[in-house]
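For reference, the chains in residue letters:
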Amino acid sequence: MECIMRLTLILVGLAFLAFVPESLTAQGALDATAIQAARAVADAGDKVDPNQFVQTLIRRFGPRLTGSNSEHQSAAWALDEMRRAGLSDVHTETWTLHRGWKRLHAAAHLTKPYETKLEVASYGWSGSTHGGVSGEVVLVDGNATLTKEAVRNWRGKIVLVAPISKDGIRGVADAPVLASWAEKAGAVAVIDGITRPGGMLHTGPIGFPGRESSVPILDMPEMQRHQLEYLVKQGAQPRVSLDIANRFTEGPISAENIVGEIVGALHPEQVVLLGAHLDSWDLSPGATDDGTGVAAVLAAARAIHASGVLPDRTIRFVLFTGEEQGLLGSQAYVEQHRAELSNFVCALVMDWGAGPITRFPLAGHPEMEGPLKNLFQADEALKSIDTSSGFLTFTDGFAFTLAGLPGIGLLQDSPDYDRDAHSTEDSLGAVNAPALQFNTRVLASSAIWLADVRQRPGSAFTQAENEQALLPVRSALEMLGVWPYERSSSPTPASPTH
Ligand SMILES: [Zn+2]
C-alpha cells in the first residue's frame, strides 16, 4: 500500500538490553551449526536470480488487482514456481472478497473559466458518473470536521479537497467519512487532497480497510489540483466535466493465498513464515509493490531448497492477496490458522519497495532482537541491519502482530516508495536488481536461522501482553477503527449516520 495507507508507525523506543554473545555451551555449539547453515543458505541465495521472478510476474500478468483474472492467473504461476522451488504441500487457501471492482475509464476537462484537459484516476472500489456530467468545483478544507451544514451546497458539485496537512492517519480515517458525506449530499465526485510526490496519478483504497463509494473518489496530479484551488479562491467558479466509469463485479468472489513449505525436521509444528503480497493496484503492474517482495520470497524458497539444508522448524512461504484492500488475505490467513498460531515463531514480510532491507522493526517483540542480532553479526553482508523497536503497519506482517505474534514488516531503503507505489509508474524500471539479490540473501538466511536456532525465538502474546505491546500504535488503530480489543473513549470522526 502506498504513502497514505502505508504510513509507517516507526516508533523508536528505549534500546533493548544489549546483545550478549553466547558462551561456549552446548547450545552455543548448536547455534554455531545453525549459523553455518544460514551462511550456506545465504550463499545459495546469491546464486539464485530473483530478478527473473519479478520480470516474469510483471511481463506476463501485468496489474494484479485482487479478484481480477490476472491476479488468479498469477496465483497459478506462483503455485508452479513454489513447486519448481521444491516446496512441499503447495496449495491455495481461499478467502472471500465482498465483491470485485474494475476500472473502465476516466476523463476530465476544465470547461470554465478556460478549457483544458485534466488528469484523474479513480480510487479503488469507487463509483461512476454514469456518463458525462459537468459541475462547479467547490473547495472543502481537508482538515475541517464535516457537518450537515458544511455539505449543504455539495449537490451536483465536484468537491475538491484542499491538501490535507493533518495527521496522515486521520486523513485515512476520514476518507470513508468524506465519501459517505459526498454520497449523502449528492456530490458528482470528490477530488482527493492527499499529496504525493512525482506529479503522477495514484490510486488506493478509500480508508483502511478499503470501503466502497458510489461517488467517484479521484486522484489528480498536485499541480492541477492547485490550479483548481486557485481558481475557486479567485472566485472564478471553475466548472469541470467528468466521465468516470468503473464497474463493481458481482460478489462475493473467491480470492486465494498461495502457500508452500519446507517441513521442519525436528519441530515440524513450529513455523517461521516468509511472506509478500501477490496482488497489486491496477494503474501499473506493481513491480515494487509488491512484485519484488514476491520475487524475494520465491527466490529465498529456491535458495533454501537448493542449499540442501533441512530446517529444524518448518519454513512456510505465503503469497497473500487482498493486501491493498486492507490486509484482507493475511487477516483471513490468521483467522484460518488461529488454532495453531501459538506455534508461529514469527512472520517476516517484505513489502517496502525496491531498496535493500535496512531494518527489522520488532513489532512489540523485543525477544526477537537477540536471535536476529546473533545472525546479523555473524554475516558481514548483514551487519548493518538494524533491529530496534517499531512497527510497520498496513502491510501483511501487521495481521500477525495484531494476533499477538512477531509480525515483522521489513523496512527497506526505498526513497522513491511514496512516489512509485500505487502510481502509474510502478513498473520494471523501478526494480533495483542488486537490492533484490541482497534481500533474497537476508530473507533466506533469516528464515533458516530462525528455524534452526536452538532456543525457540518469538513469543505468542496473550491478549493482555499484546495490548501492552501495541500501546505505541493504539491511538492510530483506534482512529482507524481497527484496534482489536475493547475500545477506549477516543473521539472518532463524525459521519452522516451520527
Ligand atoms: Zn504493498
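Analysis parameters
Residues numbered from 1 in each chain as written. Predicted model: local features only at pLDDT ≥ 70, side-chain atom pairs only at ≥ 80, totals over all residues. Heavy atoms only, no water. Buried < 20%, exposed > 50% of the residue type's maximum accessible area, 1.4 Å probe, protein only. Helix = DSSP H or I, 4+ residues; strand = E, 2+ residues; numbered from the N terminus. Contact = heavy atoms within 4.5 Å. Axes fitted to C-alpha atoms, helices over the stretch in contact; angles between N-to-C directions. Parallel < 35°, antiparallel > 145°, perpendicular 65-115°, else oblique. Left-handed = near helix turned anticlockwise from the far one by under 90°. Lys, Arg positive; Asp, Glu negative; His and termini not counted. Salt bridge = Lys/Arg side-chain N within 4 Å of Asp/Glu carboxyl O. Polar contact = N/O pair within 3.5 Å; in protein donor to acceptor, adjacent residues only side chain to side chain. pLDDT = per-residue confidence, 0-100. Core = buried A, V, L, I, M, F, W, Y, C linked by side-chain atoms within 4.5 Å. Domains from an automatic or database assignment. Pairing = 2+ DSSP bridges. Right-handed = clockwise from strand over helix to strand, strands pointing away. Buried area = accessible area lost by both parts, 1.4 Å probe.

**Considerations on helix H6 (residues 287-307)**
With 17 of its 21 residues buried, H6 lies for the most part within the structure. At the C-terminal side of H6, glycine 308 shows a positive phi close to 80 degrees.

**Considerations on the environment of isoleucine 304**
Its location among the elements puts isoleucine 304 in helix H6. Sequence separation between isoleucine 304 and proline 406 is 102 residues, and the spatial gap between their C-alpha atoms is 22 Å. For isoleucine 304, the residues in contact, after removing those within four places along its chain, are Val41, Ile262, Val309, Ile315, Phe317, Ala444, Ala447 and Ile448.

**What about the packing of helix H8 (residues 369-378) against helix H11 (residues 433-452)?**
It is at 10 Å that the axes of H8 and H11 come closest, and there the two elements cross at 125 degrees. Considered as vectors, H8 and H11 are oriented oblique to each other. Helix-helix and strand crossings are classified by hand; for H8 and H11 the assignment is right-handed. Residues Pro371, Leu372, Asn374, Leu375 and Phe376 of H8 form the contact with H11, whose participating residues are Ser445, Ser446, Trp449 and Leu450.

**A short note on the side chain of arginine 64**
Within the secondary structure, arginine 64 sits in the loop between helix H2 (50-61) and helix H3 (69-84). Within the buried set, arginine 64 has no salt-bridge partner at all; the shortest N-O distance to an opposite charge, 7.3 Å, is to aspartate 426. Looking at arginine 64, its side chain comes within polar contact range of the main-chain oxygen of glycine 286, at 3.5 Å.

**Here we look at the confidence of the model for the chain**
Atomic detail in the predicted coordinates should be set aside for any region of low pLDDT. Of the residues in the chain, 91% have a pLDDT of 70 or more, and the chain-wide mean is 90. Across residues 1-24 the pLDDT falls below 50, and counting only partners more than four positions away or on other chains, this stretch makes 77 contacts in the model. For the stretch residues 489-498, pLDDT sits under 50, and the model shows 21 contacts to residues farther than four places along the chain or on other chains.

**Considerations on the nonpolar core**
Among soluble globular proteins, nonpolar side chains are generally buried collectively. Ranked by internal contacts, the top residues of the largest apolar core, which has 85 residues, are Ile304, Phe317, Leu319 and Phe360. Sorting elements by how many residues they give to this core places H6 first, with 11 residues. Both of domain 1 (26-99 + 252-460) and domain 2 (101-248) provide at least three residues apiece to this core. For phenylalanine 360, the residues in contact, after removing those within four places along its chain, are Leu348, Leu372, Phe376, Ile385, Asp386, Thr387, Ser388, Ile408, Leu410, Val442 and Ser446. Residues Val138, Leu146, Val177 and Val215 belong to the second largest nonpolar core, which totals 20 residues.

**A short note on the pairing of strand S11 (residues 267-277)**
Most of S11 sits inside the fold, with 8 of its 11 residues counted as buried. Where S11 and strand S12 (residues 313-320) come together, 8 bridges link them in parallel fashion. Across the sheet, residue valine 271 finds its bridge partner in S12, namely threonine 314. One crossover worth recording links S11 to the parallel S12 by way of H6, and it is right-handed.

**Topic: the domain arrangement of the chain**
Domain parsing of the chain yields domain 1 (26-99 + 252-460) and domain 2 (101-248). The C-alpha-based centres of domain 1 and domain 2 are spaced at 36 Å. Counting from both sides, the interface comprises 21 residues of domain 1 and, opposite them, 19 residues of domain 2. Interface area for domain 1 against domain 2, summed over the two sides, is near 1,700 Å², with a carbon-plus-sulfur share of 70%.

**Here's the deal with the environment of asparagine 343**
Position of asparagine 343 relative to the elements: it lies in the loop between helix H7 (328-336) and strand S13 (344-350). Classification of asparagine 343 as partly exposed rests on a relative accessible area of 25%. Between the C-alpha atoms of asparagine 343 and lysine 383, which are 40 residues apart in sequence, the distance is 29 Å. Excluding residues that lie within four positions of it along the chain, asparagine 343 makes contacts with Glu269, Gln270, Val271 and Arg456.

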